[in-house]
Amino acid sequence: MKIEYQKITLKIAAIYNILWGGWVVLFPQHFFDLVGMERINHPMVWQGMGMVIGVYGLGYWWSSHNPLRHWPIIMVGFLGKIFGPIGFIFNYVQGFVPFEFIFTLITNDFIWWIPFFLILKDVHVKTNWNLS
């Protein structure tokens, strides 16, 4: 039963990431318009972020076929979902990014913390982080 929830969670994350990444690559200013932020001067940088997020989606899809075997992909994604908000806080406190940017963290990071943590916890229990 746990493996099914893991596979479904990873497939949903994959689809979300691929769609979000495609949206950012194709319409790089749209997010900023939606939240009322100033448009960025160098959309290519934001499009690069979209490409990276989309590639994470491919990794989640592939790892969904065997989460126990492909747990390092899930761990890399989980770490990104932790470090991204830390980077936001760091930049927000320094005044480099407006608070409205937090809206992208809700769907890209925060909602995935618990599911990814639970998947990695299950992996640890079943494999003891077998690196081979």
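See the structure printed just above.
The text that follows walks through the structure, step by step, so that each part is easy to find. All figures in this text were calculated on a predicted structure; none of them were measured in a lab. (Residues numbered from 1 in each chain as written. Predicted model: local features only at pLDDT ≥ 70, side-chain atom pairs only at ≥ 80, totals over all residues. Heavy atoms only, no water.)

So, the side chain of Lys81
Step number 1: Take Lys81: it is sitting in helix α4 (residues 71–93).
Step number 2: No salt bridge is formed by the buried Lys81. Its closest oppositely charged neighbour is Asp109, at 4.6 Å. (Helix = DSSP H or I, 4+ residues; strand = E, 2+ residues; numbered from the N terminus. Buried < 20%, exposed > 50% of the residue type's maximum accessible area, 1.4 Å probe, protein only. Lys, Arg positive; Asp, Glu negative; His and termini not counted. Salt bridge = Lys/Arg side-chain N within 4 Å of Asp/Glu carboxyl O.)

Points about the side chain of Gln6
Step number 1: Inspection of the secondary structure assignment puts Gln6 in helix α1 (residues 2–26).
Step number 2: For Gln6, the side chain forms a polar contact with the side chain of Asp122, separated by 3.0 Å.
Step number 3: Ignoring anything within four residues of it in the chain, the contact list for Gln6 reads Pro67, Ile119 and Asp122. (Polar contact = N/O pair within 3.5 Å; in protein donor to acceptor, adjacent residues only side chain to side chain. Contact = heavy atoms within 4.5 Å.)

Brief notes about the packing of helix α3 (residues 43–64) against α4
Step number 1: One way to put it is that α3 packs onto α4 with a least axis distance of 9 Å and a crossing angle of 140°. With respect to their mutual orientation, α3 and α4 come out oblique. The chirality of how α3 crosses α4 is left-handed. Each of Tyr56, Gly59, Tyr60 and Ser63 in α3 lies in contact with α4, whose residues at this interface are Ile73, Ile74, Val76, Gly77 and Lys81.
Step number 2: Counted by class, the contact of α3 with α4 contains 5 nonpolar, 3 polar and 1 charged residues. (Axes fitted to C-alpha atoms, helices over the stretch in contact; angles between N-to-C directions. Parallel < 35°, antiparallel > 145°, perpendicular 65-115°, else oblique. Left-handed = near helix turned anticlockwise from the far one by under 90°. Nonpolar A, V, L, I, M, F, W, Y, C, P; charged D, E, K, R; others polar.)

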